[in-house]
Amino acid sequence: MADLRIFSYMPNPRIWKATIAARLCGVSLDLRGARPGELADWLWDFDARPLTEADRSGKAGMARQSRTGFSGQLYKTDEFLAAHPFGTVPAAFSPDGGTGIFESNSIARAVARLRRHGPELYSIDPYKAARIDSFLDVSLVFARDGQNYLLALNTGAINDIIHGQAAKAFEIYLDGMEAALVSGHGYLVGDELTLADIVFTAELCSFAREAAHHERLAAQALPMIFHDGVAASYPRAMAHFKDLCARPAFAPDIAPFMEKIEARRQQAATD
Ligand SMILES: N[C@@H](CCC(=O)N[C@@H](CS)C(=O)NCC(=O)O)C(=O)O
């Protein structure tokens, strides 16, 4: 039996926080899910699975209006909503299904706490652990602005106000990360890899998905925010990101994804 079950659409940079930590710490994960468009045809439950005809006809009460990132109805069981009161994915569960863990940063913390070997990604020193939390909190604030931006790009609701808010959020986030790396210790917290670095990497990957919408941006004469030139403004933060992306625990999730993003950026540059 796996140490933790996670239900999500895939690929999803938010679950990479957990998968990267799990590779480093010897934690076993049971990942369940499908591509984003397919999750409307799944039963959202501890025992998440594609819907059967019986699910659809016999349990209409499970159909709930989606709120963020999905349109239409999603089939969530009462048990799922008891474990996940905000009804979101990624949704993690203890092996017996008794405990729901939501918010991708908290799921990553759970993995670090379940550590069997390897690095202490969520320090045993209370001050350091709290500092890691500080980075996770600013990352969540950034993620929220990034999510608004990406959803607006997805639905075509993008405008210069939403773009401006995302650009500001990106600048504030990277300014802080650049400043944190000035100390020269090589990591965001102390001189070893922690969840702060993992979450930072995953959030930048998430934001990088704007490149998939370069045509929509171009149609409104809006520039890409996370473009190649960003490295000149934030050399430490971007070097850290690049270094982490290439590491063995990160690359299985990130390398294929960033290759596609890079191709989109090149395409945007030549369009
Ligand atoms: N901050 C959350 C974001 C989770 C979230 O917003 N999930 C959306 C998909 S992007 C969702 O599950 N929506 C379900 C619904 O609309 O009912 C995290 O990092 O886990």
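### Details of the nonpolar core
If you look at the biggest cluster of nonpolar residues, it comprises 69 residues, and the most contacted ones within it are L195 and L204. When contributions to this core are tallied by element, the ones reaching two or more residues are β1 (4–9), α1 (13–25), α4 (104–113), α5 (126–155), α6 (160–181), α7 (195–208), α10 (235–246) and α11 (251–270). Of the residues that make up this core, three or more belong to each of domain 1 (4–113) and domain 2 (126–270). In this view, L195 contacts A21, A108, R109, A112, L121, Y122, I132 and L136; residues no more than four positions away in its chain are not counted. Formed by 14 residues, the second largest nonpolar core is a distinct cluster that contains L39, W44, A48 and L74.

### Structural notes on the pattern of salt bridges
One pass over the full model with this rule turns up 15 salt bridges. A salt bridge links D253 to R23, with the nearest nitrogen and oxygen atoms 2.9 Å apart. In this pair, D253 sits in helix α11 while R23 sits in helix α1, placing the two residues 230 residues apart along the sequence. A salt bridge links R236 to E178; its shortest N-O distance comes to 3.5 Å.

### Points about α5
The end-to-end C-alpha distance of α5 is 42 Å, a good match for the 44 Å that 30 residues give at a rise of 1.5 Å each. Sitting at the head of α5, D125 places a side-chain oxygen 2.8 Å from the backbone nitrogen of Y127.

### A look at the domain arrangement of the protein chain
What the domain assignment reports for the protein chain is domain 1 (4–113) and domain 2 (126–270). Counting residues at the interface gives 17 residues for domain 1, matched by 21 residues for domain 2. One salt bridge connects K17 with E203, and the closest N-O pair in it is separated by 2.6 Å. The interface formed by domain 1 and domain 2 contains six residue pairs in polar contact (both at pLDDT 80 or more). At the level of secondary structure, the elements contributing two or more residues to the side of domain 1 that touches domain 2 comprise α1 and α4.

### Some words on the sheet that holds strand β3 (residues 42–44)
Strand pairing in a sheet relies on backbone hydrogen bonds. The paired strands run either parallel or antiparallel. The four strands are arranged β4-β3-β6-β5 in an open sheet whose pairing can be described as mixed. Every interior strand has two partners, whereas the edge strands, β4 (49–50) and β5 (63–65), have only one.

### Here's the deal with the site of the ligand
Neighbouring residues of the ligand: 16 residues in total, closest R67, T68, K76, V89 and S104. E103 is positioned such that a nitrogen or oxygen atom in its side chain is 2.8 Å from a nitrogen atom of the ligand. Between S104 and the ligand, the recorded distance is 2.7 Å, taken from a side-chain N or O atom to an oxygen atom. Here the ligand loses 92% of its free accessible area of 520 Å² to cover by the protein chains. Among the secondary structure elements, those contributing two or more residues to the shell around the ligand are β6 (73–76) and α5. Across the shell around the ligand, the residue classes break down as six nonpolar, six polar and four charged.

### Describing the environment of P90
Here P90 shows up in the loop between α3 (78–83) and β7 (91–93). C-alpha separation for the pair P90 and I101, spaced 11 residues apart in sequence, amounts to 8.9 Å.

### Some points on the packing of α6 against α10
Relative to each other, α6 and α10 sit at 85°, their axes nearing to 7 Å. By the angle class used here, α6 and α10 are roughly perpendicular. Contact with α6, carried on its side by L174, M177, E178 and L181, involves P235, R236, A237, M238 and H240 of α10 and no other residues of that element. Split by residue class, the contact of α6 with α10 holds six nonpolar, one polar and two charged.

Reading guide: rules and limits
- Residues numbered from 1 in each chain as written.
- Predicted model: local features only at pLDDT ≥ 70, side-chain atom pairs only at ≥ 80, totals over all residues.
- Heavy atoms only, no water.
- Core = buried A, V, L, I, M, F, W, Y, C linked by side-chain atoms within 4.5 Å.
- Buried < 20%, exposed > 50% of the residue type's maximum accessible area, 1.4 Å probe, protein only.
- Helix = DSSP H or I, 4+ residues; strand = E, 2+ residues; numbered from the N terminus.
- Domains from an automatic or database assignment.
- Contact = heavy atoms within 4.5 Å.
- Salt bridge = Lys/Arg side-chain N within 4 Å of Asp/Glu carboxyl O.
- Expected span 1.5 Å × (residues − 1).
- Polar contact = N/O pair within 3.5 Å; in protein donor to acceptor, adjacent residues only side chain to side chain.
- Pairing = 2+ DSSP bridges.
- Near = heavy atom within 4 Å.
- Areas by Shrake-Rupley, 256 points an atom, 1.4 Å probe, with all protein chains shown as cover.
- Nonpolar A, V, L, I, M, F, W, Y, C, P; charged D, E, K, R; others polar.
- Axes fitted to C-alpha atoms, helices over the stretch in contact; angles between N-to-C directions.
- Parallel < 35°, antiparallel > 145°, perpendicular 65-115°, else oblique.

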